[in-house]
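Observations on the model geometry
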Amino acid sequence: MPLRGLKISGIRSHPRQDAPDCLFTCRGREHTAEVTELIDEDLAKFLAVRARDGAMPSFAPPSLRRDYWDRATFRKKVAHRIARKRAVATCQERRIDALIITTYEPLLTPQDVSGWLQDWPM
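All values reported here derive from a predicted model rather than from experimental measurement.

1. Thoughts on the nonpolar core
- Counting ten residues, the largest nonpolar core is built from Leu38, Tyr68, Trp69, Phe74, Val78, Leu107, Leu108, Val113, Trp116 and Trp120.
- Broken down by secondary-structure element, the contributors of at least two residues to this core are helix H2 (71–91) and helix H3 (110–118).
- If sequence neighbours within four positions are ignored, Tyr68 has contacts with Asp40, Pro62, Ser63, Thr73 and Lys77.

Here it is, written out as structure tokens:
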């Protein structure tokens, strides 16, 4: 079922402190959503060292290279996030209807992501 154009309303934090993060209403029914971040782990370490030391670390993470993000890498990272969230939900016997993925990857462009998602059935 395509989700584009659906009207979402009543977005609010879930009363529990763990997954799922949010509740929302769509087509008159209440649904759940989990929010997660897509970030290269090496970039996170790089930024942490830079923040801690106040200087650039001696290494540069691969995701800062122009050729790092491609369709295969993006799909692999997203599939990994989905699998992790699915495992948590299954373990805790929780339902997650939507997964909202945010990112601050400096070289991951909205245009690329849009193109890579076009032909990826989820």
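From this point, the narrative continues.
2. A word on the pattern of salt bridges
- Evaluation of the coordinates by the stated rule reveals six salt bridges.
- Ionic pairing is found between Lys85 and Glu34, a salt bridge with its closest N-O pair at 2.9 Å. Of this pair, Lys85 sits in helix H2 while Glu34 sits in strand S3 (residues 29–37); the two residues are 51 residues apart in sequence, bridging distant segments of the chain.
- For Glu34, a relative accessible area of 4% gives the class buried.
- For the salt bridge of Asp97 with Arg95, the shortest nitrogen-to-oxygen distance reads 2.8 Å.
- A relative accessible area of 35% places Asp97 in the partly exposed class.
- Given the relative accessible area of 47%, Arg95 is considered partly exposed.
- When salt bridges that share partners are traced, they join Arg71, Arg75 and Asp119 into one network.

3. Overview of the side chain of Lys85
- A relative accessible area of 18% means that Lys85 is categorised as buried.
- Each residue touching Lys85, except ones within four places of it in the same chain, is listed here: Glu34, Val35, Thr36, Ile96 and Leu99.

About the criteria used
Residues numbered from 1 in each chain as written. Predicted model: local features only at pLDDT ≥ 70, side-chain atom pairs only at ≥ 80, totals over all residues. Heavy atoms only, no water. Core = buried A, V, L, I, M, F, W, Y, C linked by side-chain atoms within 4.5 Å. Buried < 20%, exposed > 50% of the residue type's maximum accessible area, 1.4 Å probe, protein only. Helix = DSSP H or I, 4+ residues; strand = E, 2+ residues; numbered from the N terminus. Contact = heavy atoms within 4.5 Å. Salt bridge = Lys/Arg side-chain N within 4 Å of Asp/Glu carboxyl O.

None of the figures reported here should be taken as evidence of function without further support.
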